[in-house]
Amino acid sequence: VTFCHFVMQGGMKAYILPAFLAASLSACAGPLETRVSSSGATGLAPATYIWAPDSGVASNDVAEAKRLVSAKLAERGFTAADTGSLHMEVAVASRPASLGLVAGEKDVLSPVRRKKTFQRCGDNEYRLGITITQIADGAEVYRGNASEYHCKEALGSVLSRLVDAALADLGQPRGTYSIKR
C-alpha cells in the first residue's frame, strides 16, 4: 500500500481529526489556577462585624459575594450585626484579561493575558477582595484576595470558589500563592 493509496482511502483523516480535536480541546483544558493573596493578624478570634455601606452601584454579583462571605464567616463563628467590633468590606471585579493593570509607570498589578492557541474566546479575570478592619482603631486585621481567569464561565458561577479561597487563610495569612486543580 502506497502513501497515496492510504490517503485516498481516508487513512489520513483517521489521524488528523483526533489530533485536531485534542489540540482544540486543550485550549480550554488544563489546570485551573486560583491566585490567592492574604495578610493580617494571626489567631483572629470570632467576633461580630458590620458591613461597609453599599457603594450605591447595584450589583447582583456583589450581593451574592456578601451572602457567601457571611455564610463562610458564620461557619467560623463570626456574626453579622448592626453594631460590632469589626468592619467588613467586599469588592468584586471583572475585566477582559487582554487589558493589563499597571500602577505608576512600572508596577504591574496584573499582566495582559493572551489567548491560548485554538482558544475561541478571550479570558476575563475575576477578582474578589475581602478586607476586615477593627472599628475601634481602624487597624486592618485581615485582607484576602482571590482571582481566576475564565473564557466562558460567568463571574457568578465562580464566586463561591473565590470566597472560599479569599477566606481560607483567615487567622493564618500565608501571603501570595496559587491553587491549581
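Residues numbered from 1 in each chain as written. Predicted model: local features only at pLDDT ≥ 70, side-chain atom pairs only at ≥ 80, totals over all residues. Heavy atoms only, no water.

Draft legend 1. Representation of the sheet that holds strand 1 (residues 33–40) within the structure. The strand order 3-2-4-7-8-1-9 describes an open sheet built from 7 strands, whose pairing is mixed. Each end of this open sheet is capped by a strand with a single partner; those strands are strand 3 (79–80) and strand 9 (175–180). Pairing geometry for strand 7 (residues 124–134) and strand 8 (residues 140–150), over 10 bridges, is antiparallel. Bridge pairing links Ile130 to Gly144 in strand 8. Sitting on the sheet, helix 3 (residues 60–75) touches strand 2 (48–51), strand 4 (86–96) and strand 7, and the angle it makes with strand 4 is about 135 degrees. With respect to the sheet, helix 4 (residues 155–167) is in contact with strand 1, strand 4, strand 7, strand 8 and strand 9, its orientation differing from that of strand 8 by roughly 140 degrees. (Pairing = 2+ DSSP bridges. Helix = DSSP H or I, 4+ residues; strand = E, 2+ residues; numbered from the N terminus. Contact = heavy atoms within 4.5 Å. Axes fitted to C-alpha atoms, helices over the stretch in contact; angles between N-to-C directions.)

Draft legend 2. Spotlight on the pairing of strand 4. In the sheet, strand 2 pairs with strand 4 via 3 bridges, with the strands oriented parallel. When the bridges of strand 4 are listed, Ile50 appears paired with His87.

Draft legend 3. View of the environment of Leu170. Inspection of the secondary structure assignment puts Leu170 in the loop between helix 4 and strand 9. Given the relative accessible area of 9%, Leu170 is considered buried. Expressed as a C-alpha distance, the spacing of Leu170 and Gly144, which sit 26 residues apart in the sequence, is 7.8 Å. Ignoring any residue separated from it by four or fewer positions in sequence, one finds Leu170 in contact with Leu44, Leu73, Arg76, Phe78, Ile132 and Tyr142. (Buried < 20%, exposed > 50% of the residue type's maximum accessible area, 1.4 Å probe, protein only.)

Treat this as a map of the structure, not an account of what it does.
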